[in-house]
Structure formats: structure tokens, C-alpha cells
Amino acid sequence: FSLQKKHIRQYDKEFLDFTKATPSMSVLEIGCGTGIFSRYLLEKEFTNVVCLDLDKRLASTLADLYPFEVVFEEAETYVSSISGKRTFDLIVLHDVLEHLQLEKGCSLFKALHSVLALGGRILMRVPNLSSPWGARLFYGTFDHVTAFSPDRIIEFAGLTDFKVIKIAGQKTGKRRKRLAANALQAILSRILPEHPKIWEANILALLEKKNS
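Residues numbered from 1 in each chain as written. Predicted model: local features only at pLDDT ≥ 70, side-chain atom pairs only at ≥ 80, totals over all residues. Heavy atoms only, no water.

### Some details on the side chain of threonine 160
Tracing the sequence through the fold places threonine 160 in the loop between helix H6 (150-159) and strand S6 (162-169). At 2.9 Å, the side chain of threonine 160 and the backbone oxygen of phenylalanine 156 are in polar contact. In contact with threonine 160, other than residues within four places in its own chain, are Cys106, Phe109, Lys110 and His113. (Helix = DSSP H or I, 4+ residues; strand = E, 2+ residues; numbered from the N terminus. Polar contact = N/O pair within 3.5 Å; in protein donor to acceptor, adjacent residues only side chain to side chain. Contact = heavy atoms within 4.5 Å.)

### Regarding the layout of surface pockets
Size it by volume and the largest pocket reaches roughly 450 Å³. Lining the largest pocket are 17 residues, and of these Lys6, Gln10, Glu14, Lys171 and Thr172 sit closest to its centre. Taken together, the elements giving at least two residues each to the lining of the largest pocket come down to helix H1 (5-19) and S6. When residues of the lining of the largest pocket are assigned to their parent elements, the largest contribution, eight residues, is made by H1. Class assignment of the residues belonging to the lining of the largest pocket gives a composition of five nonpolar, six polar and six charged. If you list the elements that add at least two residues to the lining of the second largest pocket, you get strand S2 (49-53) and helix H4 (102-112). Class assignment for the residues of the lining of the second largest pocket results in seven nonpolar, two polar and five charged. (1 Å grid on protein atoms, 1.4 Å probe; cavity = no way out; pocket = protein on both sides within 12 Å on 5 of 7 lines; lining within 4 Å. Points joined across faces, edges and corners; volume = space filled by probe spheres on them. Nonpolar A, V, L, I, M, F, W, Y, C, P; charged D, E, K, R; others polar.)

### As for the sheet that holds strand S4 (residues 88-94)
Within a sheet, adjacent strands bond to each other through the backbone by hydrogen bonds, running parallel or antiparallel. Pairing within the open sheet is mixed, and its seven strands lie in the order S3-S2-S1-S4-S5-S7-S6. The sheet is open, and its two edges are formed by strand S3 (69-72) and S6, each paired on a single side. Going from strand to strand, the sheet's axes swing by 15 degrees on average, the running direction of each strand aside. Sheet topology places strand S1 (residues 27-30) next to S2; four bridges connect them, and they run parallel. (Pairing = 2+ DSSP bridges. Axes fitted to C-alpha atoms, helices over the stretch in contact; angles between N-to-C directions.)

### Some words on the pattern of salt bridges
Counting across every chain of the model gives twelve salt bridges. Put simply, lysine 44 and aspartate 12 hold a salt bridge, and the shortest N to O gap is 3.2 Å. Remark: aspartate 12 occurs in helix H1 and lysine 44 occurs in the loop between helix H2 (36-43) and S2; sequence separation between them is 32 residues. Here aspartate 151 makes a salt bridge to lysine 197, at a shortest N to O gap of 2.6 Å. One end of the pair, aspartate 151, is in helix H6; the other, lysine 197, is in the loop between helix H7 (175-191) and strand S7 (202-209), and 46 residues separate them in sequence. Here the salt bridges do not stand alone but share partners, grouping Glu14, Asp95 and Arg125 into one network. (Salt bridge = Lys/Arg side-chain N within 4 Å of Asp/Glu carboxyl O.)

### Concerning H2
Most of H2 sits out of view: six of its eight residues are buried. The complete set of buried residues in H2 reads Ile36, Phe37, Ser38, Arg39, Tyr40 and Leu41. Residues of H2 that are buried sit in contact with H1, S1, S2 and S4. Phi for glutamate 45, located one or two positions after H2, is positive at around 70 degrees. (Buried < 20%, exposed > 50% of the residue type's maximum accessible area, 1.4 Å probe, protein only.)

### Some words on the environment of cysteine 51
Mapped onto the elements of the fold, cysteine 51 is located in strand S2. Given a relative accessible area of 0%, cysteine 51 falls into the buried group. With 18 residues separating them in the primary sequence, cysteine 51 and glutamate 69 have C-alpha atoms 6.1 Å apart. Residue contacts for cysteine 51: discarding those within four places in its chain leaves Glu29, Cys32, Ser38, Leu65, Phe68, Glu69, Val70 and Val71.

### Regarding the nonpolar core
With 32 residues, the main nonpolar core has Ile91, Phe109, Leu112 and Ile122 as its most contacted residues. Elements that contribute at least two residues to this core include exactly S1, S2, helix H3 (75-82), S4, H4, strand S5 (116-127), H6 and S7. For this core, the element with the highest residue contribution is H4, accounting for five residues. Of all hydrophobic cores here, the second largest spans 22 residues; its members include Phe37, Leu41, Leu58 and Leu62. (Core = buried A, V, L, I, M, F, W, Y, C linked by side-chain atoms within 4.5 Å.)

### Things to note about the pairing of S4
Taken residue by residue, a regular strand's side chains alternate between the two faces of the sheet. In terms of burial, S4 is largely enclosed, as six of its seven residues are buried. Two strands pair when backbone bridges link them, and S1 and S4 are joined in this way by three bridges, in the parallel orientation. Note that in S4 the partner of glutamate 29 across the bridge is valine 92. Direction of pairing for S4 relative to S5: parallel, over a ladder of six bridges. Bridge pairing in S5 places leucine 93 opposite methionine 124.

This is the structure we're talking about:
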């Protein structure tokens, strides 16, 4: 579970560049898991961070995240407990929403309104079911219950009173493979009558409250 150089390069693009975040910002990570992204935030000298996960068995794995606050609780319960007391500039959900029923995901995002600071944003990453590569990820486990695509993310944002500021595919793999994939996708986009707007297996999206 150690932070490696490849993780730093990945999150430099997918977090710092994508959100324009700075270490002075407050961050809530929902579904922190084994803490790879949390350790990245430590590496980048963020200090005001809450790492939230439901699985208390991860306590020993996340014990090295000081000075971050590590909380083991259901997300909506935690949000309800701090509503009106604390806000965050950024809320991050990596590979979380696909594990929730649509109704649960909508309920969570509506609750997040109360803990977003003025101008605060949400960064989400989900498998891209409109892509054949994303479908492989989504159907790789029975734990995935709600499918997302670029259009569905926009619809989901509307259902929860958010707007999509930015959306993009997650670039992975070595440069040579990415170039080959781009070439193949360009050809397929030309010859297929229907093709994905985004070919990458995962989608990144940055959301903001509509009334911000």
C-alpha cells in the first residue's frame, strides 16, 4: 500500500492538474480504502484532510496518515454529523459511486451540498460503461451496481443539483500504448456508426453546486 512514483505522476494529472487544487485546501476523501491517494496528499503537503471509509478493518493500514483525520463511518452519517460545523473545498470519490445503488448515490450527493465550501467541488472517478474497456472493468465484479457514462454523469449531476465543470477519460499505461490506443480509437470512431464520446475505461468528472 506504499505510495510509488507512478501514483504521484497519476495524481499530479488527475487531481492537481484536473482540479487546480492547492495544499491550503480542505479535502474530504470518501472511500479512502488502503490510503494510496491519502498518502499522495501527505506527499503534496496537504494538512486539512479527512479520510473516510466504512471498513474498520483498515485502521492499522491507515495508521500512518497523521495529521489527517481518519473516520470509519457510513458517508451520509458522517456528513450529517458535521453539517453546519465543517466544510470542504474538495470532496473526492475514487471508484465509489459504481458500488452504490442510484438512489443511494443521489442521496449522498444531495447531502454533500451541506459540507461543500463556497465554490467547493467534487471530483469523481467511475468506470466508463460506454467504452468496451470500461465495460470490462464494470462487469469484473458483482460489487458494481450502477453504471456510468459521460451522458449519465451529466444526468446524475442534474438529479443532485450539481453541474459538470469538466469531464475526461483517465489516461493510463505507457506512452507508446496510449499512442497506439489513440490511433485505434480514432479509426474506430471513423468507421463505426455509433462510438463512445470517451473511449477510456474510467471517467474523471469535476462537479460544482448549481448555485455556486
